[in-house]
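Structural description and commentary
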Amino acid sequence: GVVGVATAMQLLQRKPGLRVLLLEGAHVAHAGGSSCGESRMFRRMCAEEYFVRLQEPALRLWRELERQSGQALLRECGLLVFGDAAEATTARDHGNDFDVGRMRAAMERLGVPHEAMDAAQIQQRWPCINVAGLAGAAGAGTDADGDATVEGV
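Heads up: these notes are all about the structure in this document.

1. Examining the pattern of salt bridges
Here the structure, examined in full by the defined rule, presents eight salt bridges. A salt bridge links Arg 53 to Glu 49; the nearest nitrogen and oxygen atoms lie 3.1 Å apart. In this pair, Arg 53 and Glu 49 are both assigned in helix α2 (residues 49-69), four residues apart and thus about one turn of the helix distant. For Glu 66, the salt bridge identified is with Arg 63, shortest N-O distance 2.9 Å.

2. Some thoughts on helix α3 (residues 100-110)
When we look at burial in α3, the residues that qualify are Val 100, Met 103, Ala 106 and Met 107. In a view along the axis of α3, the buried residues occupy a sector of 125°, so they form one face of it. Positive backbone phi, approximately 70°, marks Gly 111, located one or two places after α3.

3. What to know about the packing of aromatic side chains
All told, the structure shown has one aromatic pair when counted by the stated rule. Here Tyr 50 and Phe 51 contribute two aromatic rings whose centre-to-centre distance is 5.3 Å and whose plane-to-plane angle is 70°, an arrangement assigned as edge-to-face.

4. Here we look at the nonpolar core
Among the nonpolar cores identified, the biggest contains 11 residues, and these are Met 45, Cys 46, Ala 47, Val 52, Leu 79, Val 81, Val 100, Met 103, Ala 106, Met 107 and Val 112. Every element with two or more residues in this core is listed here: β1 (79-84) and α3. Not counting the four nearest positions on each side in its chain, Ala 106 is found in contact with Cys 46, Ala 47, Glu 49 and Val 52. Counting six residues, the second-largest nonpolar core is a separate cluster that includes Met 117, Ala 119, Ile 122 and Ile 129.

5. Some remarks on the side chain of Gln 55
Within the element layout of this structure, Gln 55 appears in helix α2. A distance of 2.6 Å separates the side chain of Gln 55 from the backbone oxygen of Phe 51, its partner in a polar contact. What Gln 55 contacts, discounting residues up to four positions off in sequence, is Phe 42, Arg 43, Arg 44 and Cys 46.

6. Remarks on a nonpolar patch on the surface
Where nonpolar side chains cluster on the molecular surface, the patch consists of Leu 11, Leu 12, Leu 18 and Val 20 and spans about 290 Å² of accessible area. Tracing the backbone shows Leu 18 in the loop between α1 (2-14) and α2.

7. Some points on the packing of α2 against α3
Orientation of α2 relative to α3, taken along the N-to-C sense of each, is 55°, at an axis distance of 9 Å. Put simply, α2 runs oblique to α3. Relative to α3, the crossing made by α2 is right-handed. Seen from α2, the contacting residues are Glu 49, Val 52 and Arg 53; seen from α3, they are Ala 106, Arg 109 and Leu 110. A per-class count over the contact of α2 with α3 returns three nonpolar, no polar and three charged.

8. Thoughts on α2
The first and last C-alpha atoms of α2 sit 31 Å apart over 21 residues, in line with the 30 Å expected at 1.5 Å per residue. In the structure, α2 departs most strongly from a straight axis at Gln 55, where the bend amounts to approximately 30° and where the proline Pro 57 lies between one and four residues downstream. Within α2, burial applies to Val 52, Gln 55, Leu 59 and Glu 66. Lining the buried residues of α2 we find α3. One or two steps after α2, the chain reaches Gly 70, where phi turns positive at roughly 75°.

Reading the values: rules and limits
- Numbers given to residues run from 1 along each chain, matching the order in which its sequence is written.
- Per-residue local features are limited, in this predicted model, to residues with pLDDT of at least 70; the limit for side-chain atom pairs, both in listing and counting, is 80 or more; totals at the level of whole chains, interfaces and linings are taken over all residues.
- Side-chain metrics rest on all non-hydrogen atoms present in the structure, leaving aside hydrogens and water.
- Any carboxyl oxygen of Asp or Glu within 4 Å of a side-chain nitrogen of Lys or Arg constitutes a salt bridge here.
- In this text, helices come from DSSP runs of H or I with a minimum length of four residues, and strands from runs of E with a minimum of two, each type numbered from the N-terminal end.
- Remark: exposure states derive from per-residue accessible area (1.4 Å probe, protein chains only) relative to the maximum for the residue type, with buried under 20%, exposed over 50%, and partly exposed in between.
- Each C-beta atom gives one direction from the helix axis, and the arc is the one those directions make.
- Classification of ring pairs uses Phe, Tyr and Trp, with its six-membered ring standing for Trp, and accepts pairs whose centres are within 6.5 Å; under 30 degrees between planes counts as stacked, over 60 as edge-to-face, and the remaining range as tilted.
- We call a set of buried Ala, Val, Leu, Ile, Met, Phe, Trp, Tyr and Cys residues a nonpolar core when their side-chain atoms join them within 4.5 Å.
- Every residue pair with non-hydrogen atoms within 4.5 Å of one another is taken to be in contact.
- The term polar contact refers here to a pair of N or O atoms within 3.5 Å; inside protein, the definition further demands a hydrogen-donor-capable atom paired with an acceptor-capable atom, and it admits residues adjacent in sequence only when both atoms are side-chain atoms.
- Here, patches come from residues exposed beyond 30% relative accessible area and free of salt bridges, joined within 9 Å for like charges and within 5 Å for nonpolar side chains (Val, Leu, Ile, Met, Phe, Trp, Tyr).
- Here the accessible surface of atoms and residues is derived via Shrake-Rupley with a 1.4 Å probe, and residues count as covered only by protein chains that are part of the display.
- Fitted lines through C-alpha atoms serve as axes, helices being fitted only where they are in contact, and the angles separating the N-to-C directions of these axes extend from 0 to 180 degrees.
- Note on angle classes: values under 35 degrees are labelled roughly parallel, values over 145 roughly antiparallel, values of 65 to 115 roughly perpendicular, and the remainder oblique.
- Take the far helix as the reference: if the near one is turned anticlockwise from it by less than a right angle, the crossing is left-handed, and if turned clockwise, right-handed.
- For this classification, Asp, Glu, Lys and Arg are treated as charged, while Ala, Val, Leu, Ile, Met, Phe, Trp, Tyr, Cys and Pro are nonpolar and the rest, including Gly, are polar.
- In a helix, the anticipated span is given by 1.5 Å times the number of residues less one.
- Two axes enter the definition of the bend at a residue: one is fitted to the seven residues ending there, the other to the seven starting there, and the bend is the angle between them.

So, in structure tokens, the structure goes:
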């Protein structure tokens, strides 16, 4: 999958002449892979500081791959993560729980730009979002120029 391809690329770049064999467990672009389909998310908001720290070097590698390929591959557009009033800070992502409060705390400790809003602020900024039962949200992203500003809450 994509992690194997990225690993193989790094090995070849760091050790020219090295022979690398890349095997796929199923078939290319199979539906069970984590990167199948037409779009993926590059998430800066994570509860674990380890993953937050990985974002900058990963973004540099994406930009280098774009430079090498001559194609735009990654479009940053921000992330909106909310928790509901009944669960206080827990949000869901593909069936997995994660804690919005821990995400915000990790980003604050590491100086990652982000924003927190209550339900009224969310409703004012995005009137199309139903805020009933929503305790609040947090978010991070970039603006159209790639500056580190918040597009989500």
